[in-house]
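# Coordinate inspection notes
The lines below spell out each chain.
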2 protein chains.
Amino acid sequence: MKLQSFAEYPFVEGGVCAAKGFRAAGICCGLKHQELSTTAAAAVSASEPDHKPKKNDLAMIVSDSECAAAAVYTSNKVKGAPILVTKQHLQDGKARAVIVNSVNANTCNADGVEKATAMCKLAADALQIAPEDVIVASTGVIGQVLPIEPIAAAVPALTEALSYEGNAAALNAIMTTDTRPKEVAVSFQVGDVTCKLGGMLKGSGMIHPNMATTLTFLTTDCAIAPEMLQRALSDVVRVTLNRVSVDGDQSTNDMACVMANGAAGNQQITAENANYVAFRGALYAVMLNLARMCAADGEGATKLIECVVSQAESEQIAETVAKSVICSSLLKAAMFGADANWGRIACAMGYADCDFDVAKVDVDLASAAGKIAVARNGFGVPFSEDEAKKVLLEDEIQLLISLNSGEAAAVAWGCDLTYDYVKINGDYRS
Amino acid sequence: MKLQSFAEYPFVEGGVCAAKGFRAAGICCGLKHQELSTTAAAAVSASEPDHKPKKNDLAMIVSDSECAAAAVYTSNKVKGAPILVTKQHLQDGKARAVIVNSVNANTCNADGVEKATAMCKLAADALQIAPEDVIVASTGVIGQVLPIEPIAAAVPALTEALSYEGNAAALNAIMTTDTRPKEVAVSFQVGDVTCKLGGMLKGSGMIHPNMATTLTFLTTDCAIAPEMLQRALSDVVRVTLNRVSVDGDQSTNDMACVMANGAAGNQQITAENANYVAFRGALYAVMLNLARMCAADGEGATKLIECVVSQAESEQIAETVAKSVICSSLLKAAMFGADANWGRIACAMGYADCDFDVAKVDVDLASAAGKIAVARNGFGVPFSEDEAKKVLLEDEIQLLISLNSGEAAAVAWGCDLTYDYVKINGDYRS
């Protein structure tokens, strides 16, 4: 997938370790087969050629100093225990470390909060920080008891493995059905000071708008007050992660969090000034790309579908229409088949919960292979099926919808629906 | 699929021809390959062993006398032209015939209303009735111009073929990706008079609650005033067709209509009395079974999923939760794999747009093979995966959810998500 770049925010290497003063590590503690072994598990680097059988399942991200911290959470009423614990820990807008496991979501378990709290305590003790400064997250199967023993046994080795180059190993640990690691980092200017901001994301299924979508961890060395950090995060999530849907299923464990340690040395951002705008721009550059990567790597996906709705009366209308289209199972299956069955776009627009004039709608299909008009003023127009096929055989497809009734626009991202989605989810737990 | 039976409403043969005075016919006019041939197409019975290559695509249902008529329509803002025309024709609560085609939805076409009107005129002329007494419906691909010539050429032969045993041929004509014909009829008592009510339904994909769902045609020889007929239909659709979802895609052409010709000779039902209750019960018995058949034959489906939510504070809450569960792609894929990944039920309940206490939720999985508890008070309980697998390998699965906070209940119906759904929809138009 091609990254979308912005001149003011050049990409840099390092993911969550790009910003100064952040170390990370990932390890395989053995949650996959729930072996309650107490022997320390071996750290596995994501770059090892044989990493698959030993995929990491436990990660930490740690700042050298206290951070301003902010997060957004799933709006699912059924919330993973880690969400409840993290919410409490971030009440003071401060944090210093993240501990996160995959394989088991620690959700719908009677002892969930107890286990999530224990994970924080384990990390805090090893790092000699307060448990309230630890963010905890889990992802994986819902409703199975999380064994704490493998985690307890692995935390010393995990702490030992922390490094300023540990981003890939940590990222490997949070992946579930993800087929590709997803991380991005950029540098940006705050006054004369160069800051960095980077992030990693896991998420492939159970992904739907109106939530924090997936697990996303972001770090920056920019100095910014907790309330401004929260404002920027909420603002950017709204137009990035909250506009991604893979399968319409909104997870119980979704969370996006950001830690800002101020190590870059800029004057702290405390108001919505030019520096805030620069910071929010960097956050957008990172999260937009993470969102696109997330959609493109949706479970079983072969294509990224980007729906751009423009000339709408309001952004709300544009967003509702765009989301409705990318969520349509029928359209997603047609995209898999590279079939220009645009009537399914019309259908999905028609059941979007908002008002617009159907008789003004124009629809085009576009990709690197070209652009083709399929509807004008709400009605079909003749087009070459061969040309359309060529456009749809690319792996990044744009559905361009103009409502011709205003100036607002919104973009939403999804993917095609494939045999592999069914395969992956027909027997996810084995 | 086993029919759900009710003692007061014994099943009878005949589908839309079960009630006195209704004739039907189906024919292949050649819309599939859009051959604009003007030679009359040959009538094809649904029972012919080689009916597949010559599947019917045009049907009529005709009453010997004027009928009270009522209908409910899709709430999709993009409406098929036939919907617009039928709505106008039913303003007086009267009708006498239905003409319906498959293959082409006559939707999003600049000349759609003109073509739908022409279809009514063709039927009316052949039957020597008023065009305003004709209900018109179309189903198939959206956004392709409907050729009227094959229909015009076929109407004389279609009219000729009308018979009191024509229900199967008519039903064959409305099927698209349906793998099984779906028709039910019952008899019932209105005072001393025996009446009959029957219906047929097409629909396999693009099926989602909050609409009339699919095309459904119902006929009865019971005498009932148009306003009472409309009330009964709206009432029953709410708890049957509107609680079915195959893929979350709400069609542009959905319609359920009923014609009542009074040929049974009962005293006309004009108020909500015992006779009305008997009539509504018959309608429910037919539509409940059509709804279940529709879900069970969802595109690519191998199983019917019935979600029963009970002990809810209100029916609205029970319905919202039940629909949310049957719409979850992840759960549907797990059901295909007979995987008791009940966390996906919890997840889908959690994002249902209504309030209930998660900590009170009990969940059981059931089928002809047994019943198994998977969650109590919102948390997982230990269960045998082998036993659960046995339960889920059946082809009718019940997801039993108790909210333990009231006395209301609701049922919703869906199906599993399979490779075949993707296959069918990856290239629907070819």
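Each remark here, short or long, concerns the structure printed above.
Heads up: these notes are all about the structure in this document.

Reading the values: the criteria
- Residues numbered from 1 in each chain as written.
- Chains lettered and ligands numbered in written order.
- Predicted model: local features only at pLDDT ≥ 70, side-chain atom pairs only at ≥ 80, totals over all residues.
- Heavy atoms only, no water.
- Contact = heavy atoms within 4.5 Å.
- Buried area = accessible area lost by both parts, 1.4 Å probe.
- Salt bridge = Lys/Arg side-chain N within 4 Å of Asp/Glu carboxyl O.
- Polar contact = N/O pair within 3.5 Å; in protein donor to acceptor, adjacent residues only side chain to side chain.
- Helix = DSSP H or I, 4+ residues; strand = E, 2+ residues; numbered from the N terminus.
- Buried < 20%, exposed > 50% of the residue type's maximum accessible area, 1.4 Å probe, protein only.
- Lys, Arg positive; Asp, Glu negative; His and termini not counted.
- Pairing = 2+ DSSP bridges.
- Axes fitted to C-alpha atoms, helices over the stretch in contact; angles between N-to-C directions.
- Least-squares fit on C-alpha atoms with pLDDT ≥ 70 in both.

Here the focus is the interface of chain B and chain A. Across the boundary between the two partners, chain B contributes 55 residues, which contact 56 residues of chain A. Here chain B packs against chain A, burying approximately 4400 Å² in sum over the two surfaces, 57% of which is carbon and sulfur. On the surface where chain B and chain A come into contact, there are 0 salt bridges. The interface formed by chain B and chain A holds 10 residue pairs in polar contact (both at pLDDT 80 or more) in total.

Mapping A:Glu299 onto the fold places it in the loop between α6 (274-296) and β9 (304-312). No salt bridge forms around the buried A:Glu299; measuring N to O, its nearest opposite-charge neighbour B:Arg344 is 5.8 Å away. Side-chain polar atoms of A:Glu299 contact the side chain of A:Thr177, separated by 2.6 Å.

Now for the pairing of strand β10 (residues 362-367) of chain A. For a regular strand, the rule is simple: side chains alternate between the two faces of the sheet. All names here are of chain A. Where burial is concerned, most of β10 is hidden: 6 out of the 6 residues are buried. The two faces of β10 match: Asp362, Asp364 and Ala366 on one face and Val363, Leu365 and Ser367 on the other face are all buried. Sheet topology places β10 next to strand β13 (residues 396-402); 5 bridges connect them, and they run antiparallel. The partner of Asp364 across the bridge, within β13, is Leu400. Counted along the chain from β10 to the antiparallel partner strand β11 (residues 370-376), the turn is 2 residues long.

Residues and elements named next belong to chain A. Taking strand neighbours across the sheet as the criterion, the 6 strands line up as β12-β11-β10-β13-β9-β14 in an open arrangement whose pairing is mixed. Pairing within the sheet leaves two strands with one partner each, and these edge strands are β12 (379-380) and β14 (408-415). Contacting β9, β13 and β14, α6 runs over the sheet at an angle of about 40 degrees to β14.

Let us look at the relation of the copies chain B and chain A. Between chain B and chain A, the superposition needs a rotation of 180 degrees and an axial shift of 0.0 Å, giving an RMSD of 0.0 Å. Expressed as a symmetry operation, the mapping of one chain copy onto the other fits a two-fold axis. In terms of proximity to the rotation axis, the leading residue of chain B is B:Tyr419, whose C-alpha is 2.6 Å off the axis. A share of 100% of interface residues in chain B that are also interface residues in chain A marks the association as one of identical surfaces.

Time to look at the environment of B:Gly414. Residues and elements named next belong to chain B. Counting through the fold element by element, Gly414 comes out in strand β14 (residues 408-415). Each C-alpha atom, one on Gly414 and one on Ala295, is 4.9 Å from the other, the two residues being 119 residues apart in sequence. Non-local contacts of Gly414, meaning those with residues more than four positions away in its chain, are made with Ser245, Ala295, Lys303, Leu304, Ile305 and Ile326.

These figures capture arrangement, not role.
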